[in-house]
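# Coordinates in review
Residues per chain, in single letters:
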Amino acid sequence: MDLSPTADTKTQVVSTYLDQPIFSCSQCCVVVALQDELISKSFSGREGRGLRVSLSSSLLHSAVNVKLGKREDRPLLTGVHTVADVFCVGCNDRLGWYYVKASDSSQKYKEGKFLLEREKIVKENRWKIDE
């Protein structure tokens with residue numbers, strides 16, 4: 001199965017987390033994470049390499065309905081990290097990145113975590129109104 005960032009993967013979308021608070025892709029509304037997976041909302045993301053810094057990114061334990069781009073060493077605010085861009089399976093929009101490896105020992109806690117830019121995801125609470 002081809003999971004390259006440009007591959008058509010709409011048929012690979014998995015519906016999960018019914019009736020639970022989620023984060024979804026802002027472009028196609030595919031579920032990308034449970035809100036319970038949130039570690040921190042105070043991370044800095046970068047839209048486009050070196051273009052602009054966004055102070056509204058979230059660090060998460062896990063994500064679904066995403067695919068990873070190629071690994072690369074990228075200079076970030078906290079040093080050089082090996083990361084892979086994260087793309088939505090539903091629409092191929094870039095949502096953030098996945099921390100593969102941190103070079104500094106104080107940053108090792110990020111390894112295996114997803115940074116999703118809040119401009120790219122929507123917080124859905126799935127509230128039910130009693131009738």
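Report on the accompanying structure. (Residues numbered from 1 in each chain as written. Predicted model: local features only at pLDDT ≥ 70, side-chain atom pairs only at ≥ 80, totals over all residues. Heavy atoms only, no water.)

### Some thoughts on unusual backbone geometry
Unusually for a residue other than glycine, asparagine 65 sits at a positive phi of about 55°. Structurally, asparagine 65 is set in the loop between strand S4 (52-60) and strand S5 (66-76). The residue asparagine 92 is not glycine, and still its phi comes out positive at about 70°. Considering the arrangement of structural elements, one finds asparagine 92 in the loop between strand S6 (79-88) and strand S7 (94-102). (Helix = DSSP H or I, 4+ residues; strand = E, 2+ residues; numbered from the N terminus.)

### As for the pairing of strand S1 (residues 22-25)
Inspection of the sheet shows S1 paired to strand S2 (residues 31-34) by three bridges, in the antiparallel sense. If you follow phenylalanine 23 over to S2, its bridge partner there is alanine 33. Linking S1 to S2, which pair antiparallel, is a turn of five residues; within it cysteine 29 sits at a positive phi near 70°. Where S1 meets strand S9 (residues 121-124), four bridges bridge the pair, whose relative direction is antiparallel. Note that in S9 the partner of phenylalanine 23 across the bridge is lysine 123. (Pairing = 2+ DSSP bridges.)

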